[in-house]
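An overview of the molecular structure
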Amino acid sequence: FASTSVVDNFEGAFAFAYSASNLLGVVACARTGAAERLGNLGRLTTPLAATALAIWTCALVTRATSWSAEEVYGQTMAVIVVVGACTALAQSGGFAAASRLPPRFARAAMSGQALSGVAASLSALITTASAGGDTTRSVETQAEVYFYVAAIVVAACVARAILARRRASRCASTSSNE
């Protein structure tokens, strides 16, 4: 965003937009019971699928050469708001599911939450290091790769949650038939 008026404060704006939308999402989930209405699987997979699609659009925009820097900034802000709100819903669903499990599984869920931040930072470092020189095109390529990888990882989490739910359902039906 070097050529825009937000060059000096875009990181703060991104952080505020994410935090505010996440907080509003948490409050909305608590007040409306949105997470409960989606059911056990939907409260996790629905927001994660929306997050994966939103992140995927960021990767696509890195190649949108006809977009101005202000348009890219606006799209990025919109994605950040969507991801912040979806994260609130996914967290409420994930933590609700973990709270029903034995303590060792709940601890594993919380540890996984912490590790996800480390994994995201590591992914950013790897994509930055792998791009080589500091040209504008390599920065765009770094961003594109980072967003595609992030979207694929989130989509894989959706698929894994669905498979785990199906497996749990099969195990439950098998044990009830015995």
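Source: prediction; values computed, not measured.

Quick look at the overall build of the protein chain
A tally of regular secondary structure across the protein chain gives five helices and zero strands. Seen in sequence order, the protein chain has helices and strands lined up from the N terminus as α-α-α-α-α. A burial count over the protein chain gives 29% of its 178 residues as buried. In the protein chain, the proportion of contacts linking residues at least 24 apart, taken out of those at least 6 apart, comes to 77%.

A closer look at the pattern of salt bridges
Taken as a whole and judged by the stated rule, the model has one salt bridge. Ionic pairing is found between Glu-144 and Arg-63, a salt bridge with its closest N-O pair at 2.5 Å. With a gap of 81 residues between them, Glu-144 in helix 5 (residues 136-177) and Arg-63 in the loop between helix 2 (34-61) and helix 3 (69-99) connect regions that are remote in the sequence.

Remarks on the nonpolar core
Note that soluble globular proteins tend to have their nonpolar side chains buried in a common cluster. In this structure, Leu-48, Ala-52, Ala-54, Ile-55, Cys-58, Val-79, Val-83, Ala-90, Ala-150, Ala-151, Val-154 and Val-158 together form the largest nonpolar core, which totals 12 residues. Elements represented by at least two residues in this core include exactly helix 2, helix 3 and helix 5. Membership of the second largest hydrophobic core comes to seven residues, among which are Ala-13, Phe-14, Met-77 and Ile-80.

Some points on a nonpolar patch on the surface
A contiguous nonpolar patch, built from Trp-56, Leu-60 and Ile-152 and spanning about 290 Å² of accessible area, is present on the exposed surface. For Trp-56, the position within the fold is in helix 2.

Re the confidence of the model for the protein chain
Taken over all residues, the pLDDT of the protein chain has a mean of 81, while the share at 70 or more is 85%. Within the protein chain, the element-level pLDDT minimum falls on helix 4 (residues 103-130), averaging 74, and the maximum on helix 1 (residues 10-32), averaging 89.

Quick look at a positive patch on the surface
A surface patch of positive charge is lined by Arg-160, Arg-166, Arg-167 and Arg-170. Of note, Arg-170 is situated in helix 5.

Criteria and cut-off values
Residues numbered from 1 in each chain as written. Predicted model: local features only at pLDDT ≥ 70, side-chain atom pairs only at ≥ 80, totals over all residues. Heavy atoms only, no water. Helix = DSSP H or I, 4+ residues; strand = E, 2+ residues; numbered from the N terminus. Buried < 20%, exposed > 50% of the residue type's maximum accessible area, 1.4 Å probe, protein only. Contact = heavy atoms within 4.5 Å. Salt bridge = Lys/Arg side-chain N within 4 Å of Asp/Glu carboxyl O. Core = buried A, V, L, I, M, F, W, Y, C linked by side-chain atoms within 4.5 Å. Patch = residues over 30% accessible without salt bridge, like charges linked within 9 Å, V, L, I, M, F, W, Y side chains within 5 Å. Areas by Shrake-Rupley, 256 points an atom, 1.4 Å probe, with all protein chains shown as cover. pLDDT = per-residue confidence, 0-100. Lys, Arg positive; Asp, Glu negative; His and termini not counted. Charge placed at Lys NZ, Arg CZ, Asp CG, Glu CD.

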